[in-house]
Amino acid sequence: MNEDTPAPPVDNAGSPRPPVDDGPRPRPLADDAGSVPPVDVFLPSTYARAVPYELYARLRREAPVCRIPEPAVGPWPEGPGYWAVFRHADVKHVLRTPADFSSHLGATQIRDPETPADLDFVRAMMLNTDPPGHSRLRRIVAAALTPRAVRALERTIAERAASLFAAGECDFAEVAADLPVWTLAHVMGVPGQDRRLLYDWASRVIGYQDADHAGLSTADVERLTPAGWLAAASRPEPRPGANPRSRAALRDMFGYAHALARSPMDGESVMSAMLAGGLTEAEFENMFFLFAVAGNETLRNGIPGGLLTLLQHPGEFARLRADPSLLDSAVEEMLRFWPPVMDFRRTATRDLTLGGRRVAAGEKVVVYHASANRDPAVFSDPDRFDVARTPNDHVSFGFGPHFCLGAHLARVQLRSVFRELLTWDVTLTGEPVRLTSNFQNGLKQLPVRLRRHC
């Protein structure tokens, strides 16, 4: 199977964009079936242009489980390659079978941790554990995110969402980032003055492949609490190619987490629940990481992605305005059409067969949620955006034991934002700018004009 001649790069709005330079491309290596592996599936620059749905569709048909190389990109070294999984059924199988596909062995990012010590540290994160250890960690924080607990927040979240918008031009990607940061700060007990630190930490960790985000520092140091000021002062100097998830790279965030947990302002927040649950120091730090980064960045990208999708499908936007009762199904369709997280990694625990391919113990297996969400075996006319689509078996929140613990809270925020947006006329005023990342489906800029809908 040979690569088709690539089309000129375009962004999700259909406008030509210059490609991001990943450096010299290596000569592709043939896999054991003699085909040429599609390296574009891995390269971060691919996603700075658009999610490669046409490539995913071809791979679902012709090579639904295939080897993908990991060439060196900028300062990041070459990796050993991995098995990519594109079909919905296979993605679900991997995600629900931790005995065969472990989150713990190599953690859950495509890129291997930089050192054995880094791997040991991130293994303490709930995301990077397998049952039964995963179940213990999940129970500790589940009480803070039950439907009942989230319902108590719904009115407050709705009021915050309604306050976000004002008539005129704005960067909606920046405006939309406020709500998940504000909500997480509320849940975690982070003082208002320090909220922007959550934004900056998420940018550094999730956006490390993007030059605009890797070194982002937007917090106003003069307005921070003493704990926030100490965190800002202890921020390590960025080192090109360094693991952004290591303990050393995030020492400012972890120092802040401990200071916050000792603060009387913490009260009955989720931070208190973590400590009362008997977490080790590494587990506590990684749990703070998971809330501050994963719970933030997913919606920071999903909200503007949902709006851009509506703007690109004006007929469906008008349909939703005419019938707001479709809001719940519309939110699910936005999540299917614009999955904030495009992929997750597992590691094979034994020699096995997946999709007709032999996978060896210890090899990486990466599931592509973005591809599974367009699988025609599950979704009729999968490239059509339909705000009334039901059922909608998307995997944007994962599947199996690692199904997103914050899914209910995320849906509440999405509904609050888009319920409010139905009262506004929204016009795209410039070119959207995508995040350079092979993990998060993100927008750095979404310039729009807002006007109250008559």
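Predicted, not measured: the structure shown is a model, and the values here were computed from it. For every chain, the first residue of the written sequence is number 1, and numbering continues from 1 along that sequence. Only residues with pLDDT of at least 70 are given local features in this predicted model, and only at 80 or more are side-chain atom pairs given and counted; all residues enter the totals for whole chains, interfaces and linings. Values reported for side chains reflect all heavy atoms of the structure, with hydrogen atoms and water molecules removed beforehand.

Draft legend 1. Broad picture of the environment of Cys-404. With respect to the element layout, Cys-404 can be found in the loop between helix 17 (369-372) and helix 18 (407-421). In sequence terms Cys-404 and Gly-295 are 109 residues apart; their C-alpha atoms lie 9.5 Å from each other. The numbering of helices and of strands both runs from the N terminus, where a helix is a DSSP run of H or I of at least 4 residues and a strand a run of E of at least 2.

Draft legend 2. Quick peek at the packing of helix 8 (residues 178-188) against helix 18. One way to put it is that helix 8 packs onto helix 18 with a least axis distance of 11 Å and a crossing angle of 135°. Regarding the angle of helix 8 to helix 18, the classification is oblique. Note that helix 8 runs across helix 18; the crossing there is right-handed. Contacts between helix 8 and helix 18 involve Leu-179, Pro-180, Thr-183 and Val-187 from the former and Leu-409, Gln-413 and Val-417 from the latter. Each residue is assigned to one of three groups, with Ala, Val, Leu, Ile, Met, Phe, Trp, Tyr, Cys and Pro labelled nonpolar, Asp, Glu, Lys and Arg labelled charged, and all others, Gly among them, labelled polar. A class-by-class count of the residues in the contact of helix 8 with helix 18 yields five nonpolar, two polar and no charged. With axes taken as lines fitted to C-alpha atoms, and helix axes fitted only over the stretch in contact, angles between N-to-C directions fall between 0 and 180 degrees. Put simply, angles under 35 degrees are roughly parallel, angles over 145 are roughly antiparallel, angles from 65 to 115 are roughly perpendicular, and the rest are oblique. Crossing chirality is assigned from the near helix's rotation relative to the far helix, an anticlockwise turn below a right angle marking it left-handed and a clockwise turn marking it right-handed. Residues count as neighbours in contact if any of their non-hydrogen atoms are within 4.5 Å of one another.

Draft legend 3. A look at the sheet that holds strand 8 (residues 364-368). If DSSP finds at least two bridges between two strands, the strands pair. Taken in spatial order, the five strands make up an open sheet running 1-2-8-5-3, and their pairing is mixed. Of all the strands in the sheet, just strand 1 (65-70) and strand 3 (101-102) have a single pairing partner and so form its edges. One ladder, built from five bridges, connects strand 1 with strand 2 (residues 79-85); its direction is antiparallel. Within strand 2, the residue paired with Val-65 across the bridge is Val-85. Packing of helix 3 (residues 88-95) onto the sheet brings it into contact with strand 1, strand 2, strand 3, strand 5 (343-348) and strand 8, and relative to strand 8 it is tilted by some 125°.

Draft legend 4. Structural view of the sheet that holds strand 4 (residues 168-171). A sheet is described by the order of its strands in space; here three strands give the open sequence 4-12-9, paired in antiparallel fashion. Lying at the two open borders of the sheet, with one neighbouring strand each, are strand 4 and strand 9 (424-428). This sheet shows a mean twist of 30° between the axes of neighbouring strands, independent of strand direction. Examined bridge by bridge, strand 9 and strand 12 (residues 447-452) share five bridges and lie antiparallel to one another. From the neighbouring strand, Thr-427 faces strand 12, where its bridge partner is Arg-449.

Draft legend 5. Main features of the packing of helix 6 (residues 147-162) against helix 18. Between helix 6 and helix 18, the shortest axis-to-axis distance is 9 Å and the interhelical angle comes to 30°. One finds that helix 6 runs roughly parallel with respect to helix 18. Viewed along their axes, helix 6 and helix 18 form a crossing whose handedness is right-handed. Packed against helix 6, whose contacting residues are Pro-147, Val-150, Leu-153, Glu-154, Ile-157, Ala-158, Ala-161 and Ala-162, the element helix 18 presents His-408, Leu-409, Val-412, Gln-413, Ser-416, Val-417 and Glu-420 at the interface.

Draft legend 6. Main features of helix 6. The span expected for a helix works out to 1.5 Å for each residue beyond the first. Compared with the 22 Å implied by 1.5 Å per residue over 16 residues, the 22 Å span of helix 6 between its first and last C-alpha is a close match. Exposure is judged per residue with a 1.4 Å probe applied to protein chains only, and the accessible area is read against the type maximum: over 50% gives exposed, under 20% gives buried, and values in between give partly exposed. Turning to helix 6, its buried residues number three or more, namely Val-150, Leu-153, Ile-157 and Ala-161. Buried residues along helix 6 sit in contact with helix 8 and helix 18.

Draft legend 7. Spatial organisation of helix 15 (residues 314-322). Every buried residue of helix 15 is listed here: Glu-316, Phe-317 and Leu-320. Angular distribution of buried residues about the axis of helix 15 spans 105°; they occupy a single face of the element. Facing away from the buried surface of helix 15 by more than 90 degrees, the exposed residues are Pro-314 and Ala-322. Relevant arc is that of directions from the helix axis to the C-beta atoms, nothing else.

Draft legend 8. Region of the structure containing unusual backbone geometry. Along the chain, Pro-131 connects to Pro-132 via a cis peptide bond; the corresponding omega equals 5°. Here Pro-132 shows up in the loop between helix 4 (116-122) and helix 5 (133-142). Going from Thr-390 to Pro-391, the amide bond is cis rather than trans, its omega being -5°. Within the fold, Pro-391 resides in the loop between helix 17 and helix 18. Backbone geometry places Ala-107, a non-glycine residue, at a positive phi of 70°. Its location among the elements puts Ala-107 in the loop between strand 3 and helix 4. Positive phi, close to 45°, is recorded for Asp-381, a residue that is not glycine. Among the structural elements, Asp-381 can be located in the loop between helix 17 and helix 18.

Draft legend 9. Layout of the confidence of the model for the protein chain. pLDDT is a residue-level measure of predictor confidence that goes from 0 to 100. For the protein chain, per-residue confidence averages 88 on the pLDDT scale, and residues scoring 70 or more make up 89% of the total. Between residues 1-34, whose pLDDT stays under 50, and residues either more than four places distant or in other chains, the model counts 72 contacts.

Draft legend 10. Here's a closer look at the packing of aromatic side chains. Pairing of aromatic rings covers Phe, Tyr and Trp, the last through its six-membered ring, and needs centres within 6.5 Å; plane angles under 30 degrees mean stacked, over 60 mean edge-to-face, and all others mean tilted. Scanning the model with the defined rule gives 14 aromatic pairs in all. Plain terms: the ring middles of Tyr-53 and Tyr-56 are 6.0 Å apart, the flat faces sit at 90° to each other, and that makes the pair edge-to-face. Of this pair, Tyr-53 and Tyr-56 are both found in helix 2 (residues 53-62), three residues apart, which corresponds to roughly one turn of the helix. Residue Tyr-53 is classed as buried on the basis of its relative accessible area of 18%. Using a relative accessible area of 0% as the deciding quantity, one classes Tyr-56 as buried.

Draft legend 11. Layout of the pattern of salt bridges. Within this document, salt bridges are pairs made up of a side-chain nitrogen of Lys or Arg and a carboxyl oxygen of Asp or Glu, the two lying within 4 Å of each other. As enumerated under the stated definition, the model contains 29 salt bridges in all. Here Arg-336 and Glu-333 are joined by a salt bridge, their closest N and O atoms 2.8 Å apart. You can see Arg-336 and its partner Glu-333 sitting in helix 16 (residues 327-337), three residues apart, about one turn around the helix. The exposure class assigned to Arg-336 is buried, which follows from its relative accessible area of 0%.

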